[in-house]
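Breakdown of the fold
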Amino acid sequence: MTIIGCPTCNARNRVGPIAHGIPRCPRCKSTLPWVVDADTDTFTAETTASVPVVVDFWAAWCGPCRMISPVLEDLAKSHSGHLKVVKVDVDANPGLATRFGAQSIPLLVVIRDGQEIDRVVGALPRAALEQRLRPVLAA
Ligand SMILES: [Zn+2]
């Protein structure tokens, strides 16, 4: 369960994993920027979505991770309804880091329909990342 603030009316909304459809603000019906944290227990549910999921493997000590985090939040906002961002702390979830081979972070893994379709290692600037994700966002 994640609390997501509505960018339109500022309502705070509780959003759980939604396998089909996208989260909307119950008050004003705006699509919500879909950024959630996941751990080993919630990972499968949170990465099961009808929109493409970008999994952000990060750690508190990783400087470039702090650069890419606001970029992802911004992309989630400008592409709300077409993208979900799932953040995984590799220190707290070493099993997930191993499973996805996250030796070097930040690592972004793009998942669509349960399948990895792309991965980006390192912090790309916003424009480059958006360009890279364009085919995913357009689908
Ligand atoms: Zn709202």
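Residues numbered from 1 in each chain as written. Predicted model: local features only at pLDDT ≥ 70, side-chain atom pairs only at ≥ 80, totals over all residues. Heavy atoms only, no water.

A word on the state of the cysteines
Tallied over the entire structure, the rule returns one disulfide. Here Cys62 pairs with Cys65 through a disulfide, and the sulfurs are 2.2 Å apart. Every disulfide takes its handedness from the sign of the S-S torsion; for Cys62 and Cys65 that torsion is 85°, giving right-handed. In this structure Cys62 comes out as buried when scored by relative accessible area, which is 3%. Look at Cys65 and you get buried, because its relative accessible area is 3%. (Disulfide = S-S within 2.5 Å. Buried < 20%, exposed > 50% of the residue type's maximum accessible area, 1.4 Å probe, protein only.)

Points about the pairing of strand E5 (residues 84-89)
Most of E5 sits out of view: five of its six residues are buried. Here strand E3 (residues 34-37) runs beside E5; their pairing, made up of four bridges, is parallel. Across the sheet, Val36 pairs through a bridge with Val86, a residue of E5. Note that the unit made of strand E4 (residues 53-58), helix H2 (residues 63-78) and E5 has a crossover that is right-handed. (Helix = DSSP H or I, 4+ residues; strand = E, 2+ residues; numbered from the N terminus. Pairing = 2+ DSSP bridges. Right-handed = clockwise from strand over helix to strand, strands pointing away.)

Structural notes on helix H4 (residues 126-138)
Given a rise of 1.5 Å per residue, 13 residues ought to cover 18 Å, and the 17 Å separating the end C-alpha atoms of H4 matches this to within 8%. A maximum bend of about 45° is found in H4 at Arg132, where proline Pro135 lies one to four positions downstream. For H4, the complete set of buried residues consists of Leu129, Glu130, Leu133, Val136 and Leu137. For H4, the elements touching its buried residues are E4, H2, strand E6 (107-112) and strand E7 (115-121). (Expected span 1.5 Å × (residues − 1). Bend = angle between axes of the 7 residues up to and from the residue. Contact = heavy atoms within 4.5 Å.)

Details of the packing of H2 against H4
Interaxial distance between H2 and H4 falls to 10 Å at its minimum, and their mutual angle equals 50°. By the angle between their directions, the pair H2 and H4 is classed as oblique. Considering only the axes of H2 and H4, their crossing is right-handed. Within the contact between the two elements, H2 uses Ile68, Val71, Leu72, Asp74, Leu75 and Ser78 and H4 uses Arg126, Leu129, Glu130 and Leu133. A breakdown of the residues in the contact of H2 with H4 according to their chemical character gives six nonpolar, one polar and three charged. (Axes fitted to C-alpha atoms, helices over the stretch in contact; angles between N-to-C directions. Parallel < 35°, antiparallel > 145°, perpendicular 65-115°, else oblique. Left-handed = near helix turned anticlockwise from the far one by under 90°. Nonpolar A, V, L, I, M, F, W, Y, C, P; charged D, E, K, R; others polar.)

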